[in-house]
2 protein chains.
Amino acid sequence: MSKVFVNIGLSLDGYMAPEGMALEHWDDPDYKNWAAKWGALMSWIHDLEYFRANLKLGPGGETGPVNDQLKHTTERIGANIMGKRMFDAGERGWPEEAPFHTAVYVLTHEKREPWVRPGGTTFFFVNDGLESALAQARVAAGDRDIRIAGGADVVQQYLNAGFVDELEIALAPVLFGGGRRLFENVADTVPAFRIERVLDTPQATHLRYVRA
Amino acid sequence: MSKVFVNIGLSLDGYMAPEGMALEHWDDPDYKNWAAKWGALMSWIHDLEYFRANLKLGPGGETGPVNDQLKHTTERIGANIMGKRMFDAGERGWPEEAPFHTAVYVLTHEKREPWVRPGGTTFFFVNDGLESALAQARVAAGDRDIRIAGGADVVQQYLNAGFVDELEIALAPVLFGGGRRLFENVADTVPAFRIERVLDTPQATHLRYVRA
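Parameters and conventions
Residues numbered from 1 in each chain as written. Chains lettered and ligands numbered in written order. Predicted model: local features only at pLDDT ≥ 70, side-chain atom pairs only at ≥ 80, totals over all residues. Heavy atoms only, no water. Contact = heavy atoms within 4.5 Å. Buried area = accessible area lost by both parts, 1.4 Å probe. Salt bridge = Lys/Arg side-chain N within 4 Å of Asp/Glu carboxyl O. Helix = DSSP H or I, 4+ residues; strand = E, 2+ residues; numbered from the N terminus. Nonpolar A, V, L, I, M, F, W, Y, C, P; charged D, E, K, R; others polar. Core = buried A, V, L, I, M, F, W, Y, C linked by side-chain atoms within 4.5 Å. Buried < 20%, exposed > 50% of the residue type's maximum accessible area, 1.4 Å probe, protein only. Pairing = 2+ DSSP bridges. Arc of directions from axis to C-beta.

### As for the interface of chain B and chain A
- Contacts between the two partners involve 28 residues from chain B and, on the opposite side, 28 residues from chain A.
- Roughly 2200 Å² is buried in total at the junction of chain B and chain A, and carbon and sulfur atoms are behind 64% of that figure.
- Contact with chain A buries area across many residues of chain B, yet L12, L175 and I195 of chain B alone supply 25% of it, more than any other trio.
- Between the two partners, chain B and chain A, sit two salt bridges.
- As a salt-bridge pair, K37 of chain B and D188 of chain A come within 3.5 Å of each other at their nearest N and O atoms.
- Within the residue set of the side of chain B that touches chain A, elements represented by two or more residues are β8 (166-172), β10 (193-200) and β11 (205-211) of chain B.
- Per element, the largest residue contribution to the side of chain B that touches chain A is five residues, and it comes from β10 of chain B.
- Looking at the side of chain B that touches chain A residue by residue, the classes come out as 17 nonpolar, four polar and seven charged.

### As for the nonpolar core
- Among the nonpolar cores identified, the biggest contains 74 residues, and I81 and F183 of chain A together with I81 and F183 of chain B are the most heavily contacted of them.
- Setting aside its immediate chain neighbours within four residues, F183 of chain B contacts L12, D13, L175 and R181 of chain A together with L10, Q156, L159, L167 and I169 of chain B.

### Digging into the sheet that holds strand β8 (residues 166-172) of chain A
Residues and elements named next belong to chain A.
- With mixed pairing, the nine strands of this open sheet are ordered in space as β5-β6-β4-β3-β7-β1-β8-β11-β10. Of all strands in the sheet, those with a lone pairing partner are β5 (115-116) and β10 (193-200), marking the two edges.
- Relative to strand β11 (residues 205-211), β8 is paired through six bridges, and the arrangement is antiparallel. Bridge assignment links E168 to a residue of β11, and that residue is R208.

### Section: helix α1 (residues 34-41) of chain B
Residues and elements named next belong to chain B.
- Within α1, burial applies to W34, K37 and L41. Taken around the axis of α1, the buried residues stretch over an arc of 65 degrees, which confines them to a single face.
- Residues of α1 that are buried make contact with β1 (4-11), β2 (15-18), α2 (43-46) and β8.

Structural data, given as structure tokens:
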């Protein structure tokens with residue numbers, strides 16, 4: 001059966017996004033310095049060969065274990081699940097060819113027809129909750145896996161419901177001081193995890209946890 | 001000059017102590033399951049040879065890089081600094097021979113004579129702020145280093161004031177869901193850190209950051 005996983009960048013102080021990184025400040029990267037902070041958080045990914053190829057940024061780039069992991073992680077995704085706020089920001093920020101290339105299930109109260117994008121991404125708008133989104137994602141994913149893409153509240157809901165099999169965190173040596181925390185409202189219903197693998201690089205520590 | 005460092009265990013969701021682990025529940029380890037959670041956070045240390053020897057728990061125990069790091073970290077401490085709440089809990093919880101074996105500077109409003117314990121630990125009560133405590137600790141430490149022992153608020157004050165040179169974190173694969181967060185109220189005045197070393201073990205990921 002498909003695995004359900006989270007793969008996310010995290011600041012050392014536990015934020016997946018800095019304060020000020022929100023739809024209303026998209027055109028103001030200096031607002032609370034959000035763009036520089038985001039860049040520092042994700043600095044590990046920008047020069048990777050697979051990242052560059054996937055976003056059509058040109059040939060070349062770093063290879064090695066982190067590049068291999070990024071390729072493996074990306075290619076095993078058969079479906080994505082995300083929250084409405086992440087979708088709203090992405091609808092404005094993603095290129096026309098949205099960077100998913102799978103079915104994407106958006107948890108929302110809004111009723112809307114599926115939105116088909118070039119390059120294999122189709123957004124489906126799910127109004128009846130996280131279990132329904134997961135069930136639909138399982139059908140779409142087939143023998144590939146399901147990524148809970150975010151935001152924090154959606155990750156927390158799937159964690160607390162016990163649906164998350166794997167947590168992949170790229171822990172960057174940056175302190176944001178504020179923003180959206182990944183781990184909040186974590187309930188005692190969350191299953192135990194164990195460390196499965198650590199990749200140690202200068203830009204980030206890549207931590208992989210699986211169910212204990 | 002002496003380095004100022006923090007060395008602390010952290011849950012994956014960013015807590016240095018679980019909810020319920022407080023002076024008033026010291027005799028009730030089942031309260032919010034705090035004792036089991038603390039034990040899981042610190043499981044990496046209990047079987048280390050140096051930890052066992054230092055706490056006189058008997059001979060034997062695990063050797064290797066984490067044991068070596070613990071020995072090195074402990075032996076380089078020439079003075080400790082802590083907050084009043086940590087001291088209050090420790091005054092009740094530590095054995096007669098308190099586990100510091102150095103001068104310990106307690107930030108407090110309480111005026112009190114130095115408290116000398118067997119085994120080389122003397123607690124000094126500092127009423128005039130963190131810079132004064134640090135200056136006194138530098139004198140006591142000589143060419144050894146200064147550990148900011150906790151709690152979270154004291155660590156945050158020293159971080160925000162730019163006094164912390166090194167951060168050592170033992171990141172355990174446990175989720176607490178609540179408790180005392182290490183990184184809160186972090187200001188933009190905190191200097192940048194870089195990853196210096198990562199020790200990867202099944203019980204915890206030992207992360208060492210130094211000033212960039």
